[in-house]
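Here is what each chain is made of, one letter per residue.
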Amino acid sequence: MNTDPETGVLTAPPFASNTPGVEADPAKVIRALEARQRHMVSLLASARDAVLEMNAQGLITSWNASAERMLGWTASEALGQNMCRLIVPPQHRQAHEAGLARYLQSGQSQPVNRLLETEALHKSGALVAVELSIFSVVVDEEINFGAFIRDISGRRSAEQALRQSQERYRAVIEHVSEGMIVIKDQRVAFANPRAAELAGMSLEDMQQIGFLHRVHPDDHALVVDRQNRRLAGEAVPSRYELRLLMPDGEVRWIGISVTVVPWDGEQATLTFFSDISSRRALEEKLRDTLQERETVLENSLVGIAFLTPEGAFRWSNRALAKMFGLAPEAGGPTDWRALFASPEEYLCVAKDIAACNREGRIYQSDLEMRKLDGSLFWATVSGKPVSVIDETQGSVWAVMDISPRKALEVALARASSEREAIFNSALVGISYNVGRRMQWVNDKYVEMTGYAREELVGRSTRLFYADEETYEAHGRETLAALIRDGVYVEERRLLRRDGETLWVQLAGRCVSPNNPAAGVIWTLLDITDRRRAEDNIRAALQREKELNDLRSRFVSMTSHEFRTPLAAILSASELLREYSDRMPESEKAEILESIGAGVQRMTRMLDRVLLIGQVDAQMLEFRPHEVDLPALCHAIVDEARLQSKGACTVTTQFSPRVATGLFDAKLLRHIFGNLLSNAIKYSPRGAQVAFTISEQAGRTVFEVEDEGIGIPAEEMPHLFESFHRASNVGDIPGTGLGLAIVKTAVELHGGSIEVQSDPGRRTSFVVTL
């Protein structure tokens, strides 16, 4: 192949014989060319780079195996395709087509015969970084183009990673909080900005003149000596602290870490340093503070000690030594256990301390401790581990002598015990209340209320009241009196635990004058028996009054009711005595009949009086037996009609379901005889009285309804009282005993009686048995 010196296009040379002056045999030439072609094809197929060819129309004419691997298209897919659209990224296609056209027109193009780095389009759509070399070939007077493409993605990634690493390293070096300097041959070979900042210099000045002139004169020789010895291979400390003297006179402490490193093929020292001035100042302040605290601890009135994990004294102050009887210079005792009252006490305390340590709590307790001379005293002991995660650091303890306080507590307990014995022997209940809550109660208080002591202490006095309203009302009244007078006295009704009533004489006095909020002492005197006796006396007086009223009404009733029949009997007897010889027999018989009627009326009244006496004495007998109700009730109605002598019409309506039952027939006569008699007596002549019997839900219901004078509403509550008569009866005779007998007879049957009345119009009595 030959290259055109003007265009750079490769042209195929004319075939010539190897022997000068001898014309080549055409068959041999063809065989040689075919062999060479096979060789070239084999080379292209095995090449590591992608090799492809394109004709002047931009169509792919050759595509080797590396191209298949690199760009994803097989040869069969790529051959004949437009190369620009197949592997050139969209953003480069216009420039590619313009360059191809320019080259075909002028024979000149910038990318041809040059090595370029660009991107190729993979079949998947991904971009592949490539190195590209394009050349042109003239075959049979037609221009073709060839290209070698090498995948440089790995190299590009490595270069990118290297750049990023360098950038990160540079960022770390420039922004690290520590100064960093490399010194080689007594000169600064490298320094970061922080180093210049800490030395109070510019980076340029530090790199030119170093920083040793900033080292404090007292530390300068040390720095130079250690640097020389380190470079000589001697073992010198790699970390130490020194001072820098700043231009304004400020002394700056820095911490240095030095090591030997290779630098440009020679040894150099790499130094890291940081400003520790604040730390040094804090350390100095801490030393002063610790000194002050040690002074305070030594002069504290509280004994303080630090113990090892084994219980040995690491340090103790003078107060502890004095407390346990040690000489000040002797320090603490050798063993913590020696300070306890007994080995058993120590084991018990040690167990409690271990439990507190596990739970992260401070141990605190009042303990009886032992001095070195063997005497015992009381102390409050508290302590905790120095570190909850590192037991090897031991523990810190505070000990306070509380023997005087304990003595006072014993005396107070004795006095309190004596006072409580006195209070508990009192015959009155005593309590101490704050905010209406019981803080203390004596035995009598417990006995009176029926509660256990633990049920009372801490509880509100609300539990002694039946309802909230009464509790609040009494509270307001009591509070006002205590604030005004400081004392309060009253008789009050309370409730015991079993619900029974407890009457007490209640007396309260403020602990602090007129300030019930500070607490109130209450005393309770049980007056339940006295109140019960008073109630009994009042009840007896009331019964006596009622008996007197009853006696008066009885005398009045008997004097009135007996006077009329007695007067009739007396008059009839006088008539018979004076005029019997002149009277016809019929008139005598009529007079005798009136005498008999008067005697019967008086007998009925006496029977009722005797019957009501039996009722009051609870001696009225109830003897139920099988009774034919319809027959009995018809008989009672007939008797009522006979006595009414046609004054009223008595109608009956008895349900066919009503037959026989277990009843006391005598009592039924009292019930319905009285109700029918009253209905007739208190109804006007010609009125109607209805008597009905029905059965409802297994019970027998009797109703007597009249059209009489009715009963005033205000007198309904007294209707069934003995000797009571309504105010509207006028001169209608009656004893006031009938309804009292009726009610008792109904109740003996286990039944009920109800009354409905419309005064002036009607009255209805309904009896259910």
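Residues numbered from 1 in each chain as written. Predicted model: local features only at pLDDT ≥ 70, side-chain atom pairs only at ≥ 80, totals over all residues. Heavy atoms only, no water.

1. Brief notes about the overall build of the protein
The helix and strand inventory of the protein stands at 21 helices and 29 strands. Relative to its full complement of 769 residues, the protein shows a buried share of 34%. Excluding contacts between residues fewer than 6 apart, the proportion of contacts in the protein whose partners are at least 24 apart in sequence is 47%. Of the accessible surface of the protein, which amounts to about 45800 Å², a share of 54% is contributed by carbon and sulfur atoms. (Helix = DSSP H or I, 4+ residues; strand = E, 2+ residues; numbered from the N terminus. Buried < 20%, exposed > 50% of the residue type's maximum accessible area, 1.4 Å probe, protein only. Contact = heavy atoms within 4.5 Å. Areas by Shrake-Rupley, 256 points an atom, 1.4 Å probe, with all protein chains shown as cover.)

2. With respect to the sheet that holds strand β20 (residues 487–495)
The strands making up a sheet associate through backbone hydrogen bonding, with each pair oriented either parallel or antiparallel. Overall, antiparallel pairing links the 5 strands, which are arranged β19-β18-β22-β21-β20 in an open sheet. With partners counted over all chains shown, the strands left at the sheet margins are β19 (437–441) and β20, one partner each. The sheet shows a mean angle of 30° between the axes of neighbouring strands, direction not considered. By the bridge criterion, 4 bridges tie strand β18 (residues 429–434) to β19 in an arrangement that is antiparallel. Counterpart to Asn 433 in the pairing with β19 is Met 438. Relative to β20, helix α16 (residues 468–485) is tilted by about 160°, and along the sheet it contacts β20, β21 (501–512) and β22 (515–526). (Pairing = 2+ DSSP bridges. Axes fitted to C-alpha atoms, helices over the stretch in contact; angles between N-to-C directions.)

3. Remarks on helix α19 (residues 629–644)
Its 16 residues place the ends of α19 22 Å apart at the C-alpha level, agreeing with the 22 Å of an ideal helix rising 1.5 Å per residue. Along α19, the positions that sit buried rather than exposed are Leu 629, Leu 632, Cys 633, Ile 636, Val 637, Ala 640 and Ser 644. For α19, the buried positions fall inside an angular range of 135° around the axis, keeping them on one side. Positive backbone phi, approximately 55°, marks Lys 645, located one or two places after α19. (Expected span 1.5 Å × (residues − 1). Arc of directions from axis to C-beta.)

4. Observations concerning the packing of aromatic side chains
All chains considered together, the criterion is met by 15 aromatic pairs. Taking 5.3 Å as the distance between ring centres and 70° as the angle between the ring planes, the aromatic pair formed by Phe 340 and Tyr 346 counts as edge-to-face. Each member of the pair Phe 340 and Tyr 346 is classed as buried. Considering the side-chain rings of Tyr 451 and Phe 464, the 5.9 Å spacing of their centres and the 70° angle between planes classify their relative orientation as edge-to-face. On the criterion of sequence distance, the pair formed by Tyr 451 in the loop between α14 (443–449) and α15 (453–456) and Phe 464 in the loop between α15 and α16 is long-range, its members being 13 residues apart. Exposure remark for Phe 464: the relative accessible area of 4% places this residue in the buried category. Following the ring pairs from residue to residue traces out a cluster consisting of Phe 654, Phe 672, Phe 691 and Phe 702. The ring of Phe 377 has Lys 371 sitting right over it, with the charged end atom 5.7 Å from the ring centre. A cation sits over an aromatic face here: Arg 436 above Tyr 471, 3.7 Å from the ring centre. (Phe/Tyr/Trp six-rings, centres within 6.5 Å; stacked < 30°, edge-to-face > 60°. Lys NZ or Arg CZ within 6 Å of the ring centre and 35° of its normal.)

5. Brief notes about the nonpolar core
Soluble globular proteins tend to pack their nonpolar side chains together in the buried interior. Counting residues in each nonpolar core, the largest one holds 38 residues, and the members touching the most others are Ile 671, Phe 672, Leu 675, Phe 691, Phe 702 and Val 767. When residues of this core are traced back to their parent elements, those giving at least two are α19, β24 (649–654), α20 (665–681), β26 (688–696), β27 (699–706), α21 (738–748) and β29 (762–768). Top contributing element to this core by residue count: α20, with 9 residues. If we ignore the near neighbours within four places in the chain, the residues touching Phe 672 are Ile 636, Phe 691, Phe 702 and Val 767. Membership of the second largest hydrophobic core comes to 25 residues, among which are Cys 84, Leu 100, Tyr 103 and Ala 147. (Core = buried A, V, L, I, M, F, W, Y, C linked by side-chain atoms within 4.5 Å.)

6. Quick notes on the side chain of Thr 700
You can see Thr 700 is positioned in strand β27. Thr 700 has contacts with Leu 629, Phe 663, Ile 693, Ser 694, Val 767, Thr 768 and Leu 769, leaving out every residue within four places of it along the chain.

7. Some thoughts on the sheet that holds β29
In space, the 5 strands of this open sheet follow the order β24-β26-β27-β29-β28, with mixed pairing throughout. With one partner strand each, in any of the chains shown, β24 and β28 (752–758) form the two edges of the open sheet. Shown here is a sheet whose adjacent strand axes are inclined to one another by a mean of 15°, direction ignored. For β27 and β29, the ladder comprises 6 bridges, and the chain directions are antiparallel. The residue bridging Val 704 from the neighbouring strand is Phe 765, located in β29.

8. Regarding the side chain of Asp 49
On the secondary structure map, Asp 49 appears in the loop between α1 (26–46) and β3 (50–55). Within the structure, the side chain of Asp 49 is placed 2.9 Å from the side chain of Arg 150, a separation counted as a polar contact. (Polar contact = N/O pair within 3.5 Å; in protein donor to acceptor, adjacent residues only side chain to side chain.)

9. Some remarks on unusual backbone geometry
Of note in the backbone geometry, Arg 436 takes a positive phi value of approximately 65° without being a glycine. Take Arg 436: it is sitting in the loop between β18 and β19. Look at Arg 436 and you get partly exposed, because its relative accessible area is 28%. The residue Asn 514 is not glycine, and still its phi comes out positive at about 55°. Owing to a relative accessible area of 36%, Asn 514 belongs among the partly exposed residues under this scheme.

10. Digging into the confidence of the model for the protein
Mean pLDDT over the protein: 83, with 86% of residues reaching 70 or higher. Predicted confidence for residues 5–19 stays below pLDDT 50, and this span has 31 contacts to residues more than four positions away or in other chains. (pLDDT = per-residue confidence, 0-100.)

11. Notes on the packing of α20 against α21
Remark: α20 packs on α21, axes separated minimally by 9 Å, with the N-to-C direction vectors making an angle of 140°. Taken together, the axes of α20 and α21 are oblique relative to one another. Seen from above, α20 lies across α21 with left-handed handedness. Residues Leu 667, His 670, Ile 671, Asn 674, Leu 675 and Asn 678 of α20 lie in contact with α21, whose contacting residues are Gly 738, Leu 739, Ile 741, Val 742, Ala 745, Val 746 and Leu 748. (Parallel < 35°, antiparallel > 145°, perpendicular 65-115°, else oblique. Left-handed = near helix turned anticlockwise from the far one by under 90°.)

12. Re the packing of α19 against α20
The geometry of a pair of packed helices is captured by two quantities: the angle between their axes and the separation between those axes. Relative to each other, α19 and α20 sit at 40°, their axes nearing to 10 Å. When the interaxial angle is binned, α19 and α20 end up oblique. Crossing of α19 over α20 shows right-handed handedness. For the pair α19 and α20, contact is made by Leu 629, Leu 632, Ala 635, Ile 636, Val 637, Glu 639, Ala 640 and Ser 644 and by Ala 665, Leu 668, Arg 669, Phe 672, Gly 673, Leu 676 and Ile 680, respectively. Taken together, the residues of the contact of α19 with α20 break down into 11 nonpolar, 2 polar and 2 charged. (Nonpolar A, V, L, I, M, F, W, Y, C, P; charged D, E, K, R; others polar.)

13. A look at the pattern of salt bridges
Per the stated rule, a full pass over the model turns up 40 salt bridges. Salt-bridge contacts for Lys 184 lead to Glu 266; the nearest nitrogen and oxygen are separated by 3.9 Å. Here Lys 184 is found in strand β8 (residues 179–184), whereas its partner Glu 266 is found in strand β12 (residues 266–275), with 82 residues between them in sequence. The exposure class of Lys 184 is buried, given its relative accessible area of 16%. Residue Glu 266 is classed as partly exposed on the basis of its relative accessible area, which comes to 40%. (Salt bridge = Lys/Arg side-chain N within 4 Å of Asp/Glu carboxyl O.)

14. A look at the environment of Met 448
Here Met 448 lies in helix α14. For Met 448, a relative accessible area of 4% puts it in the buried group. Spatially, the C-alpha atoms of Met 448 and Leu 525 are 9.1 Å apart, while their sequence positions differ by 77 residues. Apart from the residues lying within four places of it in its own chain, the contact partners of Met 448 are Gly 429, Arg 496, Leu 502, Val 504, Leu 524, Leu 525 and Asp 526.

15. Let's talk about the pairing of strand β17 (residues 395–401)
Bridge count between strand β13 (residues 303–307) and β17: 5 bridges; the pairing is antiparallel. Considered in β17, the bridge of Ile 304 is made with Ala 398. By the bridge criterion, 7 bridges tie strand β16 (residues 376–385) to β17 in an arrangement that is antiparallel. When the bridges of β17 are listed, Ala 379 appears paired with Asp 401.

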